[in-house]
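Descriptive analysis of the structure
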Amino acid sequence: MNVMGARPGMSVIAALATLLSAGSLYPLFQDRSWVVPAAGAVAVVTAAAMIVRRLRLPPVFDLLAGPAVLLLYVTALYSGASAILWAIPTPGSLGALADVLREGGDTAETYAAPLPVNDGVRLLTVLGVGLVAVVVDLLAVRLRRAAPAGLPLLAMYSVPVAVPAESVHWAAFAAGSAGYLAMLVADARTRVTGWGRPVFTPRPDREEPAPRPTGSAGLRVGAASIAVAVAVPVLLSVLLPGVTSAGMFDLGDRGTGGSTTITTADPLVDLKRKITRLGDEEVLSYSTTARNPDYLRIYALDRFDGNRWTYSPLSAGAAPPIEKGQPLPVVPGLSVASAEDATTEIAVGEKIRDMQFLPLPYAPREVRIDGDGWRADRQSLMVFSTTGDADGMAYSVDSRRATPTTEQLRRAGLHVMPAEYTRLPDRLPAELTRLTRKITAKGATPFDKAVLLQRWFHKEFTYSLDPAPPSRMSDLVAFLRDRRGYCEQFAATMALMTRLLDIPSRVVVGYAPGSQGEDGRYVVRQKDAHAWPELYFEGSGWVRFEPTPSGPGAPDSVGIPDYTRQPSRQTEAKPTPEPAGPAPAPTAAAGETPGAAPLPEAPKTQAPEAMASRGSSVPVGWILGVLAMVLLSAALRLVREAAGWRRWAGADDPAAAATAAWAQLRADTIDHRLGWNASESPRGVLRRLGPALGPEIAEPLARIALAQELSRYAPPGRLQRVTPQGLRADTKAVRAALASSSSSADRWQARLFPASSLDVLRRAADRLRGLVERRRKS
């Protein structure tokens, strides 16, 4: 079979497999405008590779032609005005491309998936898909290695699986798998049919078997494998209701015995995405009997791991179900302060999706909503569902809002909250502690210190949507230095600083009250998404603070609570006692975090603990790193294959074949980490490798060593019995023996990162250096 053959059919199948696998990227983007440019990149890369093979150019041109044509393609799409003939790059067009790439990188860092699609995001996608197409075509078509060509396809598929996005649909998985299997079958069919039609010896007592289509068995096995992979999660979700297709391997909170968990969005990153859009899309509308509408809470984030705020694990087993006419768990800490009762009727917008946490005024006392599966967490009073959502639904809630006076908050005694609400990471910047002490030095009570912090934020900071979502401690330090940011940063920083003062705190994500319409109902829109801190004071419970200053882009309905304004003596109202009930139970401290995105189009991910460790924006660095490793592997394999082709290209006589076989043995030995000593004789190599490879490979190895010895020392006539075909078969047998006798790690390293390629490059560099020195001397 001719390695230099064009194989146009295989080229088309490899391109189709790349396109089908690229379809799995759809959860990363808000629209499909990236599809056509990405398909065009695959088409031009494939066409360039086919032309290179038709011209029978060396394999290295396959690796060079694809990226070169891809550069011309993206130049024409995104910076053609600065290019020659709209496609040939110039310094100006390359600078424009760099600007577009920076735009895409900023978008990926700023937003959670699904990303808004702009030119920068499209360019990143086109480059990624195009480079994958280059590697797949090189491996599957030119090097005839269809199986390893699945690695770049898998790398592309792993991106939407690894980032906080919606799960990849089974149809996308099946399509990508079918493309890869088709590539394997086509490659196998090409290899088998290269030997010609099967020949059967006729026998009078037996009919000649009818020829079967090549690859039909492989197609049946592949189709069955895809069907099983798609059907098993569905069957498990039917037979085992506690296992869902969204998290088939999520066992939930093991301490509750069969509790159900659900996937969740990172509330803070999704909040950033909503408020930067400043969208007017209606999230919900409501009417209330309260004199002044309150904020609507969704998440209460009580855990800070040193990088991000998340909430304690929730589980259906530990959260009591909501029943009509039955009150929710007791409001923590509300025993002295006066309170205002209100009833709120809420209608969720028709376009909202996956609202599995209910926006509610704090503190909810009774919730009336259709459907089963709604539960209330005892400590945070977050209301969530494990089986459904509130999309387009209407529900009502009775709430009790604490209305403490300034003096009541000042007289609050020692808190009795769990340590989770004051826990701090092991290492905090020393300047953060010093700054907190300095700002609150004049505060006589914990409440006074909290008010001083709130006033400091309003006085010293400005509102801005420019900073990216904080994902590590250095982001907090930068926020304190630059003194500008948006609600999440103000809420998270004040909550952390109050914990330094031993005040229980948490970060709350939800919506500001919104605007009142002519019909008296309040309308909450995407731009009203907001975050604020809640602090705990014994007797009043959890009360809201508002460190976020007003500014362009901030919700209009944000306001400072009355009890944090200039202190004034007020007549204390008669406290409204809480009904008797069980004591608050602390939230579980271990297990998987359930939840779901209450904000529209919220991205789904794994537990917040996992999100905190890896970040929630699209990991462009990881994606580029994976692609770089794939390209490095392809380049090394290409160098090895090209060197092997060059060894045997002119090995038509026995002496040249002996030299080529010895060089091939050297390369294979180096690849499998068995070492090679240039001063070692052929017989020395035979004595060293023979015992390691076994007796069955002794003869092929001995023939290679003998041929090399005769080519060095014997007269030319002694090599007449040596044939190039025989030595080539011997080298293949020895290579297989080397692979089977090596460990799995060494075997995979030889396949993916062959060390002999570096040896080839090093010797080429030595020859080039010698040539330069000789020319310099002459």
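If you're wondering where the values come from, they're calculated on a predicted model, not measured in any experiment.

Concerning unusual backbone geometry
- Residue Ala363 is bonded to the preceding Tyr362 through a cis peptide linkage, with omega at 0°.
- Secondary-structure assignment places Ala363 in the loop between β5 (339-348) and β6 (364-368).
- You will see that Leu85, though not glycine, has its phi angle at about 55°, which is positive.
- By the element assignment, Leu85 lies in the loop between α3 (60-78) and α4 (91-110).
- By relative accessible area, which is 75% here, Leu85 ends up exposed.
- One non-glycine residue, Asp502, lies in the positive phi region at around 65°.
- Counting through the fold element by element, Asp502 comes out in the loop between α14 (487-500) and β12 (505-511).

Comments concerning the pairing of strand β2 (residues 296-301)
- Where burial is concerned, most of β2 is hidden: six out of the six residues are buried.
- Taken together, the five bridges between β2 and β12 define a ladder with antiparallel strand orientation. Across the sheet, residue Tyr299 finds its bridge partner in β12, namely Val509.

Re the nonpolar core
- Counting 73 residues, the largest nonpolar core has Leu358, Val367, Val383 and Phe545 as its most contacted members.
- Among all residues touching Val383, those that are not within four sequence positions of it are Ile322, Leu328, Gln356, Phe357, Leu358, Leu360, Val367, Trp374, Arg375 and Ala376.
- Counting residues in hydrophobic clusters, the runner-up holds 50 residues, among them Ala15, Ala17, Leu97 and Ala186.

So, the sheet that holds β6
- Across the sheet, six strands lie side by side as β6-β9-β5-β1-β14-β13; this open sheet has antiparallel pairing. Both edges of this open sheet fall to β6 and β13 (515-516), since each of them pairs with a single strand only.
- With four bridges connecting them, strand β1 (residues 282-288) and strand β14 (residues 522-525) associate as antiparallel partners. When the bridges of β14 are listed, Tyr286 appears paired with Tyr522.

A word on the confidence of the model for the protein
- Summary statistics for the protein give a mean pLDDT of 76 and a share of 75% for residues scoring 70 or more.
- Here residues 211-215 scores under 50 on pLDDT; set against residues more than four positions off or in separate chains, the count is six contacts.
- Throughout residues 568-618 the model reports pLDDT below 50, and contacts reaching past four residues in sequence, or to other chains, amount to 168 contacts.

Considering the packing of helix α2 (residues 35-54) against helix α5 (residues 119-142)
- Put simply, α2 and α5 touch, their axes get as near as 8 Å, and they point 30° apart. Judged by the twist between their axes, the crossing of α2 over α5 is right-handed. Taken together, the residues of α5 that come into contact with α2 (itself represented by Pro37, Ala38, Ala41, Val42, Val45, Thr46, Ala49, Val52 and Arg53) are Arg122, Val126, Val129, Gly130, Ala133, Val134, Asp137, Val141 and Arg142.
- For the contact of α2 with α5, the residue count by class is 12 nonpolar, two polar and four charged.

Comments concerning helix α18 (residues 682-693)
- End to end, α18 covers 16 Å across 12 residues, agreeing with the expected 16 Å (1.5 Å per residue, within 8%).
- Regarding α18, the residues found buried are Pro682, Gly684, Val685, Leu689, Gly690 and Leu693.
- Tucked inside the fold, the buried residues of α18 contact α17 (654-671), α19 (698-713) and α20 (724-741).
- In the segment just after α18, Gly694 is the residue with positive phi, at about 100°.

Rules behind the numbers
- All residue numbers refer to position in the chain's written sequence, counted from 1.
- This being a predicted model, a pLDDT of at least 70 is required before a residue's local features are given, and a value of 80 or more before pairs of side-chain atoms are given or counted; all residues contribute to the totals for chains, interfaces and linings.
- Think of the side-chain values as coming from all heavy atoms in the structure, minus any hydrogens and water.
- Where helices and strands are cited, they refer to DSSP runs of H or I of at least four residues and of E of at least two residues respectively, numbered from the N terminus.
- Burial classes: relative accessible area under 20% of the type maximum marks a residue as buried, over 50% as exposed, and values in between as partly exposed (1.4 Å probe, protein chains only).
- Whether two strands pair comes down to DSSP finding at least two bridges between them.
- What is meant by a nonpolar core is a set of buried Ala, Val, Leu, Ile, Met, Phe, Trp, Tyr and Cys residues, joined one to another through side-chain atoms within 4.5 Å.
- Residue contacts are defined here by distance: any two heavy atoms, one from each residue, within 4.5 Å place the two residues in contact.
- A score between 0 and 100, pLDDT records how confident the predictor is in each residue.
- As a rule, the C-alpha atoms of each element are fitted with a line to give its axis, helices using only the stretch in contact, and angles between N-to-C directions run from 0 to 180 degrees.
- Each crossing gets its hand from how the near helix is turned against the far one by less than a right angle, where anticlockwise is left-handed and clockwise is right-handed.
- The nonpolar class holds Ala, Val, Leu, Ile, Met, Phe, Trp, Tyr, Cys and Pro. Asp, Glu, Lys and Arg form the charged class, and all remaining residues, Gly among them, are polar.
- Multiplying 1.5 Å by the residue count of a helix minus one yields the expected span of that helix.

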